[in-house]
Every structure is written in C-alpha cells, then in structure tokens.
Amino acid sequence: MSRSQKRPVEGLQIDGFTLGKLLHRGGFATIWEVTHPDHARPMVMKVPTILDGDDGPTIVGFEIEQMILPRLSGPHVPQVIASGDFAVMPYLVTEKLPGASFQELFDRAPLPLAELVPLAAEIAAALHEIHRQRVIHLDLKPGNLMRNEAGRLVLIDYGLARHLDLPDLLGEEFAIPMGTFPYIAPEQYLHHRDDPRSDIFALGAMLYELATGKLPFGQTTTLRAVRRRLWRDPVPPYAVNPDLPPWLQEIILRALEVEPEERFQSAAQMAFDLEHPDQVRLTQRASKRQQDGFWQGLKRRWRARRIRGYEAPPVPGDAIRAQVVMAAVDLSPEMEALSQEILAATREILHFRPEARLACVNVLRTARIQLDQGTDESGNNLHVARLVALKAWGEALGLPEGRVTYTVLEAPDPGNALTEHATRILADHIVMGARASSALRRYLGSVSAQVVAEAPCTVTIVRLPAPAA
Amino acid sequence: MRIALISDIHGNREALEAVLADARARDIGRFVVLGDIVGYGPDPDWCVARVQALQAEGALVIQGNHDAAIEGSARDMNGTARAAIDWTRPRLSAARSAWLSALPLTIAEEDRFYAHASAHCPGDWIYITSERGAMASFRSCDASLTFCGHVHEPALYSCDRGGRVQAHAVKPRMPVPLLSSRRWLVVAGSVGQPRDGSPQAGWVIFDTRSRELSFRRTPYDYVLTAGKIQAAGLPEDLALRLRTGR
C-alpha cells in the first residue's frame, strides 16, 4: 500500500490547516499548534510518527483514537475538529487544552485531604461519563488528565481505549499487554480489554499516589513486576501516611482489589463514596495496617499460576451503568400507602440489579425565603426526624449496610431538588410516586411530572391502583 | 451518499420487499445487489424483475453462482441447491435467464470493489469464512473496500498496512467507521436466507461521506415464504432454514 504523501513541518498547509510550532515530540507522535481560517479557537494537531515499513502498535493506537474520539462527547473529552486521511497525511485536530497534565500535581503528593477528595471525586465522575458512552480508557494516569479552558477535567489519549460497540483493533494482535505499568489492572496483564472496572483499578492506583506520595506497586517497569499484582497486595496507604482516615483507605483498597468483582462496580459508585465519606461501609480493608503475610501471599501466588481471567461483569457492559438507583419517597401520613408501593417497586428493581446501590431520598420542603436558616432547633429536629423515618422506610428492604444510603434534602422546590440530587449522585434510575389525579395536584403542579421532564436518567413513576369507575 | 448492499436474495420476495421498504426509510441513494438473486426461494421471477427495476433506477448488479447456474451448470452444487435450480429454470423467461447470465462477476467503483464471493478468482465462488480466506481476496485487489456476499453470515475483515488480516466481531446497527488506514472486506450477509441464527433479512449500509458501515437486520414474514416453499414442492429443508435462520 502506498505510503502517506506528506510529512508534518512548520508552515505545512493541509485541508485548510496551517501547522505552527511543534509543541511536543513523543515516541509515537508529534503535536503541532495549528490554525484554520474557519476555527478561531486554539487547536493542536497530533500526527503519528509513521516510519517506513511496518510499525504496528503506533498506527493502531492512532487508528483507535481516530475511531473512538469523534464518537465521544461532553466536557470530559477533548473535542475533535478534524481528522486526516491516511493516504495523504494521518492527523487528528483537537481543541488545545491550556496548561500541563496533572503529572506535576501528582509529584506534589501527598495532597491534603481537602484537595485530594474533591479531585478524586471529580476524576471518578469524569470517568463515569466516558464509561456511560461505552468507552473504557485503559490507560488512566496523571499524564492523561488535563483541564480545559472552562476548568473542567478532561481525560486525554485514547490510543489504548476500547469502545464496546466497535471492533477492537488492538485485539489479540499484539502479544505484549499495553498500558502504563504502575497503573494497569491485573486483568490487563492477562490481555482483557473489555472490563470497565480496569479503569477503576487505575483510578485506585492514582488515588493511592495522591494520598501517600507513593505508587501502590512501585515504579513498575517490567512485565514480571506487573504480574506480581495478581497476588501481591499493596502496602496499606495508612502505613505510609498515618493521617489518612479509615474510609479513604477503604475506598482506595477497594478500587485496587485484584478481582474486578470485589472493586467498585462503577466509577459512579466510587464518586458517590468519595462524596459521602460518612456513609462508606468500613470493612477489614479500612483497618489494615500491613501487607498480607508471607503465607497468604504464597497461597495467592500458587492460585495465580492458573488464572487466565476473572469473572466478567454480570451483564456484558453492565458496569457502564452508574449502578445507583435513587428512590424518592414522600413520608407524610396521607402518602403512606403510596410509599409502600414505592418500596415494592424499588425491591423489584434491585432484585434484577444486584450490583446497584440504593440512595433513599426525602425532600423537606422549606419556605422560599428562609428567615430561620440553619439555626432553628425545631428545624434541625425536623430534619433528624425525617432521616429517622426515611431509614425506617428503607430498612424494610433488608439491604446490607453499604448498599443503601439515606439523604434528606431541604429545598423550596422538591422537583428541582430531586433532579439536581440525581444528577449529582450520577443516578441511572429514579423511582418515585405520583399522587392520583386531583384538583389539588392540578393546582399545585406535579413533582413527578417535573422530574420526568428534567431528570438525566430513566424514571419509574409508581401509582396506587385507581379504584374501578 | 448512503449505499445499501444487498446480497443473496434467493427468490425470497417477502424478504426483499421488507429490505427495500426499510431502505427507503433510511435515505439510501444507491443499491448494489451482490448476486444470487435466484435459487432456493419460491419467487425467482418476481425477484429478478424487481432487481431489474432497481438496475433501471441506477443500481449496480453482479452475478452470483446461483444466477450463473441458470443457463450454466449446477454440477458443483449440493443436492438441495441443484434441485432448487432445476425447479427455478422453467419459471424464468428466456429474457430473464439471459439477463442473469450476462451479469458481470465484479464491478469496481471509486475505491470500492464488488464481488459475489471473493475478489480472488471470483468465478470460483470461494467462501470467505476465515482471515485466511479474506487474505486471498485482499491480495487479489487493491481497492480500499471490498463488498461480498455468498456466505449468508455477515462478517467484517480488515487488512492493515503491514498486511495483517483481522476478523472483527459484527454488531447489528452500530455504525463502524472504516478507517482509511486499512483496507476492509465486508461480507454483507443474506437477505433471503440468513444462516447466522437470526431469521431476519441481513444487509448493509455504507455511508461514503462518513465512511461508516452498519450491518442491518430487517424482520419479514418468513412464515409466509416458508409456506410458499412447501406449496411449491421445493426441498423441505429450505422452508425450515428460513424459520431458524440456520
């Protein structure tokens, strides 16, 4: 097949783009500043370094990016402006992200908790947004995190990524597991490229680094060393940094579990825990003070000899969903029958979604203008009483601790509050009730109708069966 | 422009009508019929007439092995296929039979190449069912895109710049960008007799502007077609296959 016709140099004109300064020369590609009369924004062009003859992985990485990146959207992905034909010169033009990657920030680790926790939650939420679009990144690391002009977190470099609905060009073609060794998950060592929970592992490794200033498995440079993580657990973060709270160690070690099914089942669940530390269920991970003993390690190593892979997600691509179900319930006496109906509907949904967590929510309606904000004792009592009632309602489901959380929202506009909360906790399904049609409802407007119209996800509306006419 | 690639109609009127109706709703600018308009199915005459009408409107039509066997020899075919050809011959007018015989084996258009079985020795009717089979086709022609039928099971292969051939899993509906960095071979599946476990008619849309390929499945009334096959006295197996898609 004919080789590409053009080579990138400063001043080269191609498809209306003019190449400016060379910004970066990497092992696989060069990155150029470019301008175009139709595009005012700052842009960069990535051009793969194609050597003469056969250089498989470089090209495949570029092909994958060319295939996947234009199919992603949203604030957490670099926006694609154009891509070039291989017959002339392969390239990819994207928006130019200001500043540098997060590598410098990670070099400053350990970070104070007040900085670390919101950042980690932000990365997890951005990752969930990518997963939701059926893409697994598979090369998450500090160098692949940046911010855009608006300050939003952007995940860059999709050269190793996998789109679950598109052919995997990397597939079985390359014998070496790809990825950045200190961060890749055990199953990536085993050539698995279809589990979104691999990204959760990398996120756990980054979080470990942010919390301790050290990498969980050290500066891994060889495949042999990567293989060790099939049986060797990292030094617990607390042993490196005793200032860490148990809940954070719980989150980090859970994300770094060897078996994907022991990790968070979605990035959204991880984001949820980072935002609700008081509701993190602590296990023996939280109190671990040292690595597992020699014999335990040896036992796992013995077992690891035979491991070729791990349990896939229960439904293919299931971890793509947030796995957060939000149940909104009105606990006033006249709504008691409806609240029981919502409970039954929630039980059914959770039965078919064993990985999903439940967030129980109740709205405490406040006056639009609050004269007594925050200080009123009776107001506080009301909040606590609602929380107690909400827990009593939810406990009837018999869910294990850690699978269910309870939140009372105080807001003047319940519909708005529910939609905002669902967006914040990345819920993928809302269950709520609707009153029977009535003059009062027509007069007040319907909370459920508002949520249905504005919610970012599926909504199930529960109704009491109407008596026969 | 969006091109609909339809192959292996095999005298199945209901399937062809359903696919054409589906295609009309999907903004198709051109049809390419990849051969085997007749054989197996109960409505060869109607299907040939319909494809001739498509051709008059600008469709490209190439010849398949069953089409060639009408005026040629059915010696190399299995018993069922041969019996169906013998049943079909007297049901086509001389003019239609001659039209089938005169169809070209391959057509090249821009960077696209159309053949019924393979670009490699197209008249030998080789089945491409593996990367090895695809490689022979890639080596025989330098078009960026080759479209075939013949196998009755949709498939997608790519050949990278190093000459490595890879088979890719096929998902219905999801558009796949056929990157210009590789050459691609598309096996379109079968309209009139799918054999991949789904009885729905299989075909393909290719968008020349976005270079996106979508494998489509269109439901049709196969119970009706299967009944016609039985009523016509064609081999019983042919009716069963339509119900199971095997």
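It should be emphasised that the depicted structure is a prediction, and the values quoted were computed from it without experimental measurement.

**Q** Honestly, the overall build of chain B in this entry has me stumped. Any pointers?
**A** The helix and strand inventory of chain B stands at eight helices and twelve strands. Dimensions of chain B along its principal axes, counting C-alpha atoms only, are 50 × 35 × 35 Å. A burial count over chain B gives 56% of its 246 residues as buried. Partitioning the contacts of chain B with sequence separation of at least 6, the portion at a separation of at least 24 is 72%. Looking at chain B as shown, the accessible area adds up to about 9500 Å², and 48% of this sits on carbon and sulfur atoms. Averaged over its 29 positive side-chain charges, chain B has a centre that lies 4 Å from the centre of its 27 negative ones.

**Q** Explanation requested: the sheet that holds strand β2 (residues 30-33) of chain B in the structure shown.
**A** Note on sheets: strands pair through backbone hydrogen bonds, and any given pair is parallel or antiparallel. Residue and element names in this part refer to chain B. Read across the open sheet, the six strands follow the order β3-β2-β1-β11-β12-β9; overall the sheet is mixed. Each edge of the open sheet is held by one strand with a lone partner, namely β3 (60-61) and β9 (176-177). Where strand β1 (residues 2-6) and β2 come together, four bridges link them in parallel fashion. Counterpart to I3 in the pairing with β2 is R30.

**Q** Would you mind going over the interface of chain A and chain B with me for this structure?
**A** By a widespread convention, an interface's size corresponds to the accessible area lost as its parts come together. At the junction of the two partners, chain A supplies 25 residues and chain B supplies 19 residues. Taking both sides of the interface into account, the surface hidden between chain A and chain B amounts to around 1900 Å²; carbon and sulfur atoms contribute 54%. At the junction of chain A and chain B, the tally comes to three salt bridges. The residue E63(A) makes a salt bridge to R182(B) at a minimum N-O spacing of 2.8 Å. Put simply, chain A and chain B have nine residue pairs in polar contact (both at pLDDT 80 or more) between them.

**Q** Where do I start with the domain arrangement of chain A in this structure?
**A** All names here are of chain A. Assigned domains within chain A: domain 1 (13-95), domain 2 (103-319) and domain 3 (323-462). In this structure, domain 1 and domain 2 have C-alpha centres spaced 28 Å apart. Listed as interface residues are 19 residues of domain 1 and, on the opposing side, 24 residues of domain 2. Here domain 1 meets domain 2 over a buried area of about 1800 Å², counting both sides, of which 71% is carbon and sulfur.

**Q** Hey, could you run me through the pattern of salt bridges in this one?
**A** Charged atoms that come close allow side chains of opposite charge to pair. Under the defined criterion, the tally for this structure stands at 38 salt bridges over all chains. The closest approach of N and O atoms between E65(A) and K46(A), which form a salt bridge, is 2.8 Å. Taken together, the positions of E65(A) in helix α1 (residues 56-68) and K46(A) in strand β4 (residues 39-48) put the pair 19 residues apart, joining distant regions of the chain. Residue classification places K46(A) among the partly exposed residues on the basis of a relative accessible area of 22%. Through salt bridges with shared partners, a single network forms among R30(B), E109(B), E110(B), D111(B), R112(B) and R211(B).

**Q** Is there a simple way to explain the side chain of R285(A) in this structure?
**A** All names here are of chain A. Within the secondary structure, R285 is located in the loop between α9 (267-275) and α10 (294-304). A polar atom in the side chain of R285 sits 2.8 Å from the side chain of E257. Sequence-distant contacts of R285, defined by excluding residues within four places in its chain, comprise Q249, E250, L253, R254, E257 and E262.

**Q** Would you mind showing me how to read the layout of surface pockets here?
**A** Residues and elements named next belong to chain A. Looking at the largest pocket, its volume works out to about 1200 Å³. In this structure, the largest pocket is lined by 39 residues; those nearest its centre are I31, K46, N144, I156 and D157. Those elements that provide at least two residues to the lining of the largest pocket are β2 (17-25), β3 (29-36), β4, α1 and β6 (92-95). Ranked by residue count, the leading element in the lining of the largest pocket is α1, at five residues. Class assignment for the residues of the lining of the largest pocket results in 18 nonpolar, 14 polar and seven charged.

**Q** How do you make sense of unusual backbone geometry when you look at a structure like this?
**A** Leaving glycine out, the prevailing phi sign among residues is negative, and the prevailing peptide bond configuration is trans. Of note, the bond from A109(A) into P110(A) is cis; its omega dihedral lies within 30 degrees of zero at 5°. Mapped onto the secondary structure, P110(A) falls in the loop between α2 (103-107) and α3 (113-132). The residue H10(B) is not glycine, and still its phi comes out positive at about 50°. One can find H10(B) in the loop between β1 and α1 (13-24). Residue classification places H10(B) among the buried positions, given a relative accessible area of 1%.

Criteria and cut-off values
- Counting restarts for each chain, with residues numbered from 1 along the sequence as it is written.
- Chain letters and ligand numbers both follow the written order, the letters beginning at A and the numbers at 1.
- pLDDT decides what is reported in this predicted model: residues at 70 or higher carry local features, side-chain atom pairs at 80 or more are listed and counted, and totals for whole chains, interfaces and linings draw on all residues regardless.
- Water and hydrogen atoms play no part in the side-chain values, which are based on all heavy atoms of the structure.
- In DSSP terms, a helix is any run of H or I states spanning at least four residues, a strand is any run of E spanning at least two, and both are numbered starting from the N terminus.
- Between buried and exposed lies partly exposed: a residue is buried under 20% and exposed over 50% of the maximum accessible area for its type, with that area taken using a 1.4 Å probe on protein chains only.
- Contact definition: two residues touch when any of their heavy atoms are within 4.5 Å.
- For the area figures, the Shrake-Rupley method with a 1.4 Å probe applies, and any residue is considered shielded solely by the protein chains shown.
- Residues scored as charged are limited to Lys and Arg (positive) and Asp and Glu (negative), so that His and the chain ends carry no count.
- Lys charges are placed at NZ, Arg charges at CZ, Asp charges at CG and Glu charges at CD.
- By this definition, two strands are paired if DSSP reports at least two bridges between them.
- Note: buried area is the sum, over both parts, of the accessible area (probe 1.4 Å) each one loses when the two are combined.
- We define a salt bridge as a side-chain nitrogen of Lys or Arg found within 4 Å of a carboxyl oxygen belonging to Asp or Glu.
- Between N or O atoms, a polar contact is any pair within 3.5 Å; within protein, one atom must be a potential hydrogen donor and the other a potential acceptor, and residues adjacent in sequence are included only when both atoms are from side chains.
- Segment limits for the domains were obtained from an automatic or database-derived domain assignment.
- Computed over the protein atoms alone on a 1 Å grid, cavities are sets of points where a 1.4 Å probe fits but cannot get out and pockets are open sets with protein on both sides within 12 Å along at least five of seven lines; a residue lines them when it has an atom within 4 Å of a point.
- Grid points are joined across faces, edges and corners, and a volume is the space filled by probe spheres set on the points.
- Just so you know the grouping, Ala, Val, Leu, Ile, Met, Phe, Trp, Tyr, Cys and Pro go in nonpolar, Asp, Glu, Lys and Arg go in charged, and all remaining residues, Gly too, go in polar.

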